[in-house]
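Chain residues, written in single-letter form:
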Amino acid sequence: MTTLQQILPGVAAAPRNTGLRRARKVLRPARTVPGVTVALTLVGGLGATAAEIVSGLLGATLGWVPVNELVELAGKTTWPEAEATALFLAGLGVLMLLLAAVPGRTRLVPVETSDPLIVIGITRAGLRRTLRAAAQQVAGVDKARVRLRPRTIEVTVMTGEETPGSMLRQVGTAVGDRLTGVGTLGTGEVVVRLRRKGM
């Protein structure tokens, strides 16, 4: 098979996945709790039913699952009588499938690495703390609060004195430098807001 890169050796192939996309895919949380819950429920219920049926065929019932009563109930019950229960169970099954298929929200912010095979993340709380510390190191800032939005980082600084506009630029620069030093991916732009004490 001939690829374009083999035909044109000087042309570099564009990577299919960027570092950010790959990191988000690796760092997303697994749906372990719903998966284990469903698996254990199915194994327990179906295992007990299978053991009950096999023991009934051998002539001695275990009494774990009332198979005969369930068969009689199923023979007597019509669809309108079981409609609500069937719809509830079907909805529960669809919900479990969606929980398994849709990835959870990652609690880690991807960090850039020089090795494409290594993926590292920093907790959102840890990133907020380090950015808050960077903002509070600027002269004139009494307190700072950091919020991580989907496409922006919102830094609110509190001060008690008349502040020049240059202080906001200094806070933005300090936070931006810290972001560059940490090497976070996909964090967006930094927005700095000023709040005076007593307001």
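Model, not experiment: these values are computed from the prediction.

Student: So what's going on with the confidence of the model for the protein? Which residues, and what values?
Tutor: Per-residue confidence for the protein gives a mean pLDDT of 77; residues scoring 70 or more make up 85%. Contacts for the low-pLDDT stretch residues 1-17, under 50 throughout, to residues beyond four places or in other chains number seven contacts.

Student: Which residues make up the environment of Arg-151, and what are the values?
Tutor: Considering the arrangement of structural elements, one finds Arg-151 in the loop between strand E3 (143-148) and strand E4 (152-159). For the pair Arg-151 and Val-190, spaced 39 residues apart in sequence, the C-alpha separation works out to 9.2 Å. Among residues more than four places away in sequence, those in contact with Arg-151 are Thr-187, Gly-188 and Glu-189.

Student: Report on the packing of helix H6 (residues 124-136) against helix H7 (residues 165-182), specifying residues and quantitative values.
Tutor: At their nearest, the axes of H6 and H7 sit 8 Å apart, and the two run at 140° to each other. Between H6 and H7, the interaxial angle falls into the category oblique. Note that H6 runs across H7; the crossing there is right-handed. Residues Leu-127, Thr-130, Leu-131, Ala-134 and Ala-135 of H6 lie in contact with H7, whose contacting residues are Val-171, Ala-174, Val-175, Arg-178 and Leu-179. Class assignment of the residues belonging to the contact of H6 with H7 gives a composition of eight nonpolar, one polar and one charged.

Student: How would you explain the pattern of salt bridges if you had to name every residue and give the values?
Tutor: Overall, the coordinates contain two salt bridges when judged by the stated rule. In this structure, the salt-bridge partner of Arg-149 is Glu-154, at a minimum N-O distance of 3.7 Å. A residue is classified by how much of its surface remains accessible, and Arg-149, at 38% relative accessible area, is partly exposed. Look at Glu-154 and you get buried, because its relative accessible area is 13%. Note that Arg-193 and Glu-154 form a salt bridge whose closest N and O atoms lie 3.7 Å from each other. Residue Arg-193 is found in strand E5 (residues 189-196), and its partner Glu-154 is found in strand E4; the two are separated by 39 residues along the sequence. Judged by its relative accessible area of 44%, Arg-193 is partly exposed. Each of Arg-149, Glu-154 and Arg-193 takes part in a single network of salt bridges with overlapping partners.

Quick notes on the rules
The residue numbers shown here count from 1 along each chain, following its written sequence. For this predicted model, a pLDDT threshold of at least 70 governs which residues receive local features, and a threshold of 80 or more governs which side-chain atom pairs are given and counted, while totals over whole chains, interfaces and linings are taken from all residues. The side-chain figures draw on all heavy atoms in the structure; neither hydrogens nor water molecules are used. A score between 0 and 100, pLDDT records how confident the predictor is in each residue. The criterion used for residue contact is that any of the two residues' heavy atoms lie within 4.5 Å. Put simply, DSSP H or I for four residues or longer makes a helix, DSSP E for two residues or longer makes a strand, and each gets a number counted from the N terminus. Geometry is summarised by axes, namely lines fitted to C-alpha atoms with helices restricted to the contacting stretch, and by angles between N-to-C directions that run from 0 to 180 degrees. Orientation categories follow fixed angle ranges, with anything under 35 degrees roughly parallel, anything over 145 roughly antiparallel, 65 to 115 roughly perpendicular, and all other angles oblique. By definition, turning the near helix anticlockwise from the far helix through less than a right angle yields a left-handed crossing, and turning it clockwise yields a right-handed one. Think of it as three bins: nonpolar holds Ala, Val, Leu, Ile, Met, Phe, Trp, Tyr, Cys and Pro, charged holds Asp, Glu, Lys and Arg, and polar takes everything else, Gly as well. Any Lys or Arg side-chain nitrogen located within 4 Å of an Asp or Glu carboxyl oxygen qualifies as a salt bridge. In this scheme, a residue with accessible area under 20% of its type's maximum is buried, one over 50% is exposed, and one in between is partly exposed, where area comes from a 1.4 Å probe on protein chains only.

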